[in-house]
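Architecture and fold: a report
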Amino acid sequence: MTRGHLQIVVCAAGPAADVTRLIDAATKQAWTTAVTATPSALDFLDAEAIEQQTGHSVRSTYRSSPGTRRSLPTADALIIAPATYNSVNKIALGIADNYAMITIAELIGRQVPTVVVPFVNAALATRAPFQRAVANLRDERIRVILGTDDGWEPHPPGSGNSRQRAFPWTAAFEAATRMAGDLPASSTDRG
Ligand SMILES: Cc1cc2nc3c(=O)[nH]c(=O)nc-3n(C[C@H](O)[C@H](O)[C@H](O)COP(=O)(O)O)c2cc1C
């Protein structure tokens, strides 16, 4: 029996390669998952491995792969991770110029509990458009995991590779399930 369905949207940054960790965490808690990728994110992930894990092909366009079902289960929660500078700004503005963006816009509009985990360096994070975007998303009751209180700070430019391993996949899943009203078994792992 499933406790819920998690829709994951992956953007084009290093931690995309580790989204399998989020799928693992969700599967262990009896959640089903499916992954949508921005067009640029496809180069960062192993679509075949994700398909094996989730049972769904990775979507990045309006077309589904031959032999797969067009419709996905109804989402009980949405996690956008890693969220790039580019996509955070677009989501906040409501821009829907690819399949991932229109999916996000619609799920947020349907009030699906949503968690965003940016992976941006400190130079990008100081930009006014990004700071406004994060504030606007929070105003829409979207949980943005970023800042001292979340233990997840932008990294110095050029240090993304070493920061990738610390990406807070488990914290993202716990936040999403909490918002969806499903408390997972306790976990102290923030990674
Ligand atoms: C190797 C590589 C690593 C990147 N890492 C990041 C990153 O950590 N954070 C980020 O915001 N953008 C990063 N970018 C830039 C994004 O991939 C780029 O802005 C892209 O347009 C984002 O597309 P998306 O938001 O549609 O996924 C990286 C690009 C490359 C080629």
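Residues numbered from 1 in each chain as written. Predicted model: local features only at pLDDT ≥ 70, side-chain atom pairs only at ≥ 80, totals over all residues.

Attention now goes to the pairing of strand 4 (residues 114-118). With five of its five residues buried, strand 4 lies for the most part within the structure. Side chains T114, V116 and P118 project from strand 4 onto one buried face, and the interleaved V115 and V117 project onto a second face that is buried too. Bridge analysis of strand 3 (residues 77-83) against strand 4 gives four bridges, and the strand direction is parallel. What sits directly across from A83, in strand 4, is P118. Two strands pair when backbone bridges link them, and strand 4 and strand 5 (residues 143-144) are joined in this way by two bridges, in the parallel orientation. Each bridged residue has a counterpart across the sheet, and for V115 the counterpart in strand 5 is R143. (Buried ≥ 20, exposed ≤ 12 C-beta atoms within 10 Å, placed from the backbone. Helix = DSSP H or I, 4+ residues; strand = E, 2+ residues; numbered from the N terminus. Pairing = 2+ DSSP bridges.)

For strand 1 (residues 4-10), the buried fraction is high: six of the seven residues fall into the buried class. Following the backbone out of strand 1, through helix 1 (residues 19-28) and into the adjacent parallel strand 2 (residues 31-37), one traces a crossover that is right-handed. Two elements, strand 1 and strand 3, share four bridges in a ladder whose sense is parallel. Opposite I8, over in strand 3, you have I79 as the bridge partner. (Right-handed = clockwise from strand over helix to strand, strands pointing away.)

So, about helix 8 (residues 169-179). Within helix 8, eight of the eleven residues are buried, leaving the element largely enclosed by the surrounding structure. Those residues of helix 8 that fall on the buried side of the exposure criterion are W169, A171, A172, F173, E174, A175, A176 and T177. Buried residues along helix 8 sit in contact with strand 1, helix 1, strand 3, strand 4 and strand 5. G181, located one to two residues past helix 8, shows a positive phi value of around 85 degrees. (Contact = placed C-beta atoms within 7 Å.)

This part is about the nonpolar core. Counting residues in hydrophobic clusters, the biggest one holds 57 residues, and the most contacted among them are V10, L22, I79 and A172. Ignoring any residue separated from it by four or fewer positions in sequence, one finds L22 in contact with I8, I79, A81, W169, A172 and F173. (Core = buried A, V, L, I, M, F, W, Y, C linked by C-beta atoms within 7 Å.)

For the rest of this paragraph, the subject is the site of the ligand. For the ligand, the set of nearby residues contains 14 residues, the closest of which are C11, A12, A13, T38 and T84. If one sorts the elements of the shell around the ligand by residue count, helix 3 (residues 85-93) sits on top with three residues. Counted by class, the shell around the ligand contains seven nonpolar, seven polar and no charged residues. (Near = placed C-beta within 6 Å. Nonpolar A, V, L, I, M, F, W, Y, C, P; charged D, E, K, R; others polar.)

Turning our eyes to something else, we now look at unusual backbone geometry. Glycine aside, residues mostly have negative phi angles, and peptide bonds mostly take the trans form. Cis rather than trans, the peptide bond between A81 and P82 has omega equal to -10 degrees. Phi angles above zero are rare outside glycine, and A30 is one such case at about 65 degrees. In the Ramachandran plot, R141 falls in the positive-phi region, its phi being about 65 degrees despite a non-glycine side chain. Take R141: it is sitting in the loop between helix 6 (128-139) and strand 5. On the neighbour-count criterion, R141 (11 C-beta atoms within 10 Å) is exposed.

What follows covers the packing of helix 3 against helix 6. Running from N to C, helix 3 and helix 6 point in directions that differ by 50 degrees, and their axes come no closer than 9 Å. Overall, the two elements helix 3 and helix 6 adopt an arrangement that is oblique. Seen from above, helix 3 lies across helix 6 with left-handed handedness. Counting all contacts with helix 3, which are made through Y85, V88, N89, I91 and A92, the residues of helix 6 involved are P129, F130, A133, V134, N136 and L137. Classifying every residue of the contact of helix 3 with helix 6 by side-chain character gives nine nonpolar, two polar and no charged. (Axes fitted to C-alpha atoms, helices over the stretch in contact; angles between N-to-C directions. Parallel < 35°, antiparallel > 145°, perpendicular 65-115°, else oblique. Left-handed = near helix turned anticlockwise from the far one by under 90°.)

Our focus in this paragraph is the environment of A175. Residue position: A175 is located in helix 8. Among the residues examined, A175 registers 22 C-beta atoms within 10 Å and is labelled buried. Along the backbone, A175 and I145 are 30 residues apart, and their C-alpha atoms lie at a distance of 8.9 Å. Setting aside residues no more than four positions away along its own chain, A175 makes contact with V115, R143 and I145.

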